[in-house]
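Descriptive structure summary
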Amino acid sequence: MVIPSPSYTITLRVQVPATQRATSTVVSAVADAGAAVVGVDIAHSTPQGLFVDVTCDTVDTEHGERVVAALEALDGVHVVKWSDSTFLLHLGGKIEVHAKTPLKTRRDLSRAYTPGVARVCLAIAERPEDARRLTIKRNTVAVVTDGTAVLGLGDIGPAAALPVMEGKAALFKEFGGVDAWPVCLDTTDTEEIISIVKAIAPVYGGVNLEDISAPRCFEIEARLRAELDIPVFHDDQHGTAIVVLAALVNALKVVDKDLGEVRIVVSGVGAAGNAIIRLLKAQGAQHVVAFGRGGALHAGERTGDPHRDWIADNTNADGFSGTLREGLVDADVFIGVSAGNILSGADVARMADGAIVFALANPTPEVDPIEAAETAAVVATGRSDYPNQINNVLAFPGLFRGLLDAGATDITTEMLRVAAVAIAEVVHPEELNSAFIIPGVFDHRVAEAVAEAVKAVASS
């Protein structure tokens, strides 16, 4: 069942009669319309009545309109105006640039800009490696997208992708102290994207590729890693893989099972699925079966996609060739990075005792989490309105903090693996249970733990 979400919070200014019952009548009507009231404030009073601001979570835009209609149907009640809190938050964008040093006098200006800045320019021209020490390069990441695979929205283009990239930059700063900037490219040509990123690379200490569709994202990442001297990270792949592994490490502790022995089913063999499988195997997983739209991938199958072919050759040792539902029978772990509502609670009930279900499709998981929890021991989603949110913000800020601090030039599988273990270890044994296998996104310990683990590997 779809429930009200903070993504669709609205605030209504409502004029009501100046009576004891008026405000409670409005709140009851909003609740009866299916919205979740999260705040009620008296804005001001006039001889004609009260003006009340009611803030509530709704399911979607249409639901918000139904709430307005329900209030307008009440005697003596008038909705003066209403606003969408999500759109208000984005007005004018979510990030801005601030100077780190004061520019109050001519002496300040002469050192920060001309003529003093020329000395620094010449120093870098003589020793290019000093750019990392003397400019923003040491703490700056480019968040690069072409807008072809944005959230669950698909190919919506670079301009429509900008709010997501702004948000990513804000998260980098808030959780990792990293200065990131959106770079939304109006091209989907692989060679052109590679060329542009290489051309702007002197400014940045790292590149975070975001929301670029498969299979192009694989080649773009591989080429940039090979041709640049700064770390390149595709968050949709490796960020997701890090957090999934972290959650699975702790979920297996809850059910007292071993990663090397459990049977793992992965639904989705795109960018995220591929990276998850590779990192699971690096951690010691032995029994993985991956499913695409056509069923299980198995050895000998050739798709023309080298990444899918790698999965076929390195998973499914028993050669299972059935459907996803058939593959779930007696499986210990399900990891979904595919599409919503492709499984039912009955499918989950056919898994092994102590089953673990990670249904990560957004905004609609592969299986209803409430139904899954009737038989599964541990259930996680990508959503914030259920326990165990698997969210990439736990990974990328700390990862880049460690990479930048170490002056790393590349990202290795070992860095990804230790980042996952660091996230898992933030949850103390006495905190661990079926509804808490991974830290909350606002846990300040996470980015620091990840940064230290990655820095240790990068510096070794």
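Our subject is the structure that appears above.
Summary of the structure given here.

Quick notes on the rules
Residues numbered from 1 in each chain as written. Predicted model: local features only at pLDDT ≥ 70, side-chain atom pairs only at ≥ 80, totals over all residues. Heavy atoms only, no water. Helix = DSSP H or I, 4+ residues; strand = E, 2+ residues; numbered from the N terminus. Phe/Tyr/Trp six-rings, centres within 6.5 Å; stacked < 30°, edge-to-face > 60°. Buried < 20%, exposed > 50% of the residue type's maximum accessible area, 1.4 Å probe, protein only. Lys NZ or Arg CZ within 6 Å of the ring centre and 35° of its normal. Core = buried A, V, L, I, M, F, W, Y, C linked by side-chain atoms within 4.5 Å. Contact = heavy atoms within 4.5 Å. Salt bridge = Lys/Arg side-chain N within 4 Å of Asp/Glu carboxyl O. 1 Å grid on protein atoms, 1.4 Å probe; cavity = no way out; pocket = protein on both sides within 12 Å on 5 of 7 lines; lining within 4 Å. Points joined across faces, edges and corners; volume = space filled by probe spheres on them. Nonpolar A, V, L, I, M, F, W, Y, C, P; charged D, E, K, R; others polar.

On the secondary structure map, Ala70 appears in helix α2 (residues 61-72). Between the alpha carbons of Ala70 and Val30 there is a distance of 7.3 Å; along the sequence they are 40 residues apart.

With that settled, the discussion passes to the packing of aromatic side chains. Taken as a whole, this structure holds five aromatic pairs when the rule is applied. Taking the centre distance of 6.0 Å and the plane angle of 45° together, the rings of Phe175 and Phe442 count as tilted. Residue Phe175 is found in helix α7 (residues 158-176), and its partner Phe442 is found in the loop between α17 (413-426) and α18 (445-459); the two are separated by 267 residues along the sequence. Phe442 sits in the exposed class, given a relative accessible area of 72%. Aromatic rings pair up to connect Phe172, Phe233, Phe396 and Phe400 into one cluster. The aromatic ring of Trp310 is capped on one face by Arg278, whose charged end is 3.9 Å from the ring centroid.

By size, the foremost hydrophobic cluster in this structure holds 71 residues, and its most contacted members are Ile242, Leu248, Ile264, Ile335, Ile356, Phe358 and Ile423. Considering each element in turn, this core owes the most residues, eleven residues, to helix α10 (residues 235-255). Here Ile356 is in contact with Leu248, Ala251, Leu252, Val255, Asp332, Val333, Phe334, Met351 and Val378, once residues within four sequence places are set aside.

Inspection of the entire model under this criterion finds 21 salt bridges. Note that Asp130 and Arg133 form a salt bridge whose closest N and O atoms lie 3.6 Å from each other. Overall, Arg133 belongs to the exposed group, its relative accessible area being 51%. One network of salt bridges, in which partners are shared, links Glu191, Lys198, Glu219, Arg223 and Glu227.

Below, the discussion takes up unusual backbone geometry. It is generally the case that most residues other than glycine have a negative phi and that most peptide bonds are trans. In this model, Thr114 is joined to Pro115 through a cis peptide bond whose omega is 5°. Looking at the element boundaries, Pro115 is found in the loop between α4 (106-112) and α5 (117-126). Cis rather than trans, the peptide bond between Asn362 and Pro363 has omega equal to 5°. Non-glycine residue Asp330 carries a positive phi angle of around 65°. Position of Asp330 among the secondary structure elements: in the loop between α13 (324-327) and β12 (333-336).

Right, let's talk about the layout of surface pockets for a bit. Of the volumes computed, that of the second largest pocket is approximately 1200 Å³. Forming the boundary of the second largest pocket are 33 residues, of which Val97, His98, Lys100, Ile136 and Asp179 lie nearest the centre. Going through the elements one at a time, α4, α5, α7 and β6 (179-184) are the ones with two or more residues in the lining of the second largest pocket. Top element by residues in the lining of the second largest pocket is α7. It accounts for six residues. For the lining of the second largest pocket, the class distribution of residues is 20 nonpolar, five polar and eight charged.

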